[in-house]
Amino acid sequence: MHAWPASEVPALPGKGRDLRIHDTATDGRVTLEPGPVARIYVCGITPYDATHMGHAATYNAFDLVQRVWLDTKRQVHYVQNVTDIDDPLLERAQRDGEDWTGLAERETALFREDMTALRMLPPQHYIGAVEAIPGIVPLVERLRDAGAAYELDGDIYFSVEADPHFGEVSRLDAETMRLLSAERGGDPDRPGKKNPLDPILWLAARPGEPSWDGGSLGRGRPGWHIECVAIALDHLGMGFDVQGGGSDLAFPHHEMGASHAQALTGEHPFARAYVHAGMVALDGEKMSKSKGNLVFVSTLRREGVDPAAIRLALLAHHYRSDWEWTDQVLQDAVERLARWRAAVSRPDGPSAEAVVDEIRAALADDLDAPAALVAVDRWAALQDTTGGTDEGAPGVVSRAVDALLGVAL
């Protein structure tokens, strides 16, 4: 599966700062100090509908992580999956009388278009669950053969008790885990399971549903969590720098994925930091496909909204905060974009050295994009009121906003 084209990231004078970021597993900030190549895995979409603002906000957060790393003169090895086989996809296809593969391909293509328009840097490896199945099957067999998984009516479940570190990612109590498992694709009430929290690794073939050869597992399809583990281990290995996604993935998805990987390898941790973006609401409720309260990136683009304004609307909120999308949020971003473009269009202006340093400092401080925007606002206001004599300043500010915030002026 191919990703989307990369926009050029301008080179800036000097060097950025190491990133301090909130780690869910420790509930505190950690300083990320990768080697020459920083490694990041971000969980991708289940392609049964278009990219909404909640998706865009999440991928914007991890795009900023990449840009901070690139500014420290590191390379970035970024991996993202596509869950192109799962119950929600099959259910939507059946509801609409559509082939599930066609639905997945169409929505994945639209996602690529949205990411391109928003100038999100693409992953080096963009892997669908279906194409990962040949690598998933041996992992499930290894877990089963090691006693970390068991069969129940043909299905294979992971035993959470096989990982002594289970629970360390989300830090939730057992009852909360059980409730969230039921809400987020698990089956804690299925009779016969050793532990209600045990997640599915391999789902045996069901009539009328797609299935694949699972070797000694029989025909079936993979569970959600093992999909990402197989892809991450194949392309990044254990102990990569950041596991990212929305806050609703901390449990069960990232918790279970970490335990799968740790049981497979005997190593800990799966990722050095677990980073989670907040949720975006509309009309008082979290945007979700199940509720249908969505604002789509593609719809705004068709209506003529500049993708740079959409990105500024996302950047105006701290990545970990839950916030609400409104018409005013977008209008504020449109007006900010116009002010910034007017400021950098002049032949000279106030010195850019301080504003570039402020943007770098803000982003290194747990991706404080709102503070970075305020720094550029101050420079633009100074340009508007007093101007300046530095002929290179507007160009430097324009390149910094592009390189660090992903907004083309």
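The structure this text deals with has already been given above.
From a predicted model like this one, the values you see are computed outputs, not experimental measurements.

(A) Structural detail: empty space enclosed by the protein. If you walk through the whole model with that rule in mind, you get four cavities of 30 Å³ or more. Forming the boundary of the largest cavity are 13 residues, of which Ala57, Asn60, Leu314, His317 and Tyr319 lie nearest the centre. When contributions to the lining of the largest cavity are tallied by element, the ones reaching two or more residues are α1 (53–71) and α9 (307–315). The leading source of residues in the lining of the largest cavity is α1, at three residues. A class-by-class count of the residues in the lining of the largest cavity yields nine nonpolar, four polar and no charged.

(B) View of the sheet that holds strand β14 (residues 323–324). Pairing is mixed across the open sheet formed by three strands, whose spatial order is β13-β12-β14. Among the strands making up the open sheet, the edge pair consists of β13 (285–286) and β14. Pairing between strand β12 (residues 280–282) and β13: two bridges, direction antiparallel. Across the sheet, residue Ala281 finds its bridge partner in β13, namely Lys286.

(C) Seen up close, the environment of Gln124. Residue position: Gln124 is located in the loop between α3 (100–117) and β5 (125–128). Classification of Gln124 as partly exposed rests on a relative accessible area of 46%. C-alpha of Gln124 to C-alpha of His77: the two residues are 47 residues apart in sequence and 6.4 Å apart in space. Among the polar contacts listed, one links the side chain of Gln124 to the backbone nitrogen of Tyr78, at a separation of 2.6 Å.

(D) Spotlight on unusual backbone geometry. In this model, Phe251 is joined to Pro252 through a cis peptide bond whose omega is 5 degrees. Residue Leu367 is not a glycine yet carries a positive backbone phi of 55 degrees. In this fold, Leu367 is placed in the loop between α11 (353–364) and α12 (369–385).

(E) Examining the pairing of strand β7 (residues 155–158) more closely. Residues Asp155 and Tyr157 point to one face of β7 and Ile156 and Phe158 to the other, with burial holding for every one of them. Here strand β6 (residues 149–152) folds back onto β7 in antiparallel fashion, the turn holding two residues, of which Asp153 has a positive phi close to 55 degrees. Direction of pairing for β7 relative to strand β8 (residues 200–204): antiparallel, over a ladder of two bridges. Following the sheet pairing, Ile156 is matched in β8 by Trp202.

(F) Summary view of the packing of aromatic side chains. Across all of its chains, the model carries seven aromatic pairs by this definition. Arranged with centres 5.5 Å apart and planes meeting at 85 degrees, the rings of Trp4 and Tyr126 form a pair that is edge-to-face. Of the two residues, Trp4 is situated in the segment before β1 (20–23) and Tyr126 in strand β5; the sequence distance between them amounts to 122 residues. Taken as a pair, Trp4 and Tyr126 share a single burial class, namely buried. An angle of 85 degrees between the planes, with centres 5.0 Å apart, marks the rings of Phe240 and Phe270 as edge-to-face. Here Phe240 is found in strand β10 (residues 240–246), whereas its partner Phe270 is found in the loop between α7 (250–265) and β11 (271–277), with 30 residues between them in sequence. Overall, Phe240 belongs to the buried group, its relative accessible area being 0%. One aromatic cluster in this structure is built from Trp4, Tyr59, Phe111 and Tyr126.

(G) Representation of the pairing of β10 within the structure. Burial analysis of β10 places seven of its seven residues in the buried class, the great majority of the element. Alignment of strand β3 (residues 37–42) against β10, held across three bridges, turns out to be parallel. Considered in β10, the bridge of Tyr41 is made with Gln243. Note that β10 and β11 share six bridges and pair parallel.

(H) Broad picture of helix α10 (residues 327–344). Compared with the 26 Å implied by 1.5 Å per residue over 18 residues, the 26 Å span of α10 between its first and last C-alpha is a close match. Within α10 the residues assigned to the buried category are Val329, Leu330, Ala333, Arg336, Leu337, Trp340, Ala343 and Val344. Down the axis of α10, the buried set is contained in an arc of 145 degrees. They therefore lie on one face. If you follow the buried residues of α10, they end up packed against α8 (297–302), α9, β14, α12 and α13 (393–405).

(I) Structural context of the sheet that holds β7. Overall, antiparallel pairing links the four strands, which are arranged β6-β7-β8-β9 in an open sheet. This sheet does not close on itself; its edge strands, each paired only once, are β6 and β9 (220–222). The average undirected angle you get between the axes of adjacent strands in this sheet is 20 degrees. Where β8 and β9 come together, three bridges link them in antiparallel fashion.

(J) Examining the pattern of salt bridges more closely. Tallied over the full model, the rule gives 31 salt bridges. We note a salt bridge from Glu209 to Arg221, for which the minimum N-O separation is 3.0 Å. One end of the pair, Glu209, is in the loop between β8 and β9; the other, Arg221, is in strand β9, and 12 residues separate them in sequence. Using a relative accessible area of 31% as the deciding quantity, one classes Glu209 as partly exposed. Assessed through its relative accessible area of 3%, Arg221 is described here as buried. In this structure, the salt-bridge partner of Lys286 is Asp248, at a minimum N-O distance of 3.7 Å. Within this pair, whereas Lys286 is found in strand β13, its partner Asp248 is found in the loop between β10 and α7, the two being separated by 38 residues in sequence. Exposure remark for Lys286: the relative accessible area of 33% places this residue in the partly exposed category. On the accessibility criterion, Asp248 (24% relative accessible area) is partly exposed. The network of salt bridges with common partners includes Arg29, Arg320, Asp365 and Asp366.

Rules used throughout
- Residues numbered from 1 in each chain as written.
- Predicted model: local features only at pLDDT ≥ 70, side-chain atom pairs only at ≥ 80, totals over all residues.
- Heavy atoms only, no water.
- 1 Å grid on protein atoms, 1.4 Å probe; cavity = no way out; pocket = protein on both sides within 12 Å on 5 of 7 lines; lining within 4 Å.
- Points joined across faces, edges and corners; volume = space filled by probe spheres on them.
- Helix = DSSP H or I, 4+ residues; strand = E, 2+ residues; numbered from the N terminus.
- Nonpolar A, V, L, I, M, F, W, Y, C, P; charged D, E, K, R; others polar.
- Pairing = 2+ DSSP bridges.
- Buried < 20%, exposed > 50% of the residue type's maximum accessible area, 1.4 Å probe, protein only.
- Polar contact = N/O pair within 3.5 Å; in protein donor to acceptor, adjacent residues only side chain to side chain.
- Phe/Tyr/Trp six-rings, centres within 6.5 Å; stacked < 30°, edge-to-face > 60°.
- Expected span 1.5 Å × (residues − 1).
- Arc of directions from axis to C-beta.
- Contact = heavy atoms within 4.5 Å.
- Axes fitted to C-alpha atoms, helices over the stretch in contact; angles between N-to-C directions.
- Salt bridge = Lys/Arg side-chain N within 4 Å of Asp/Glu carboxyl O.

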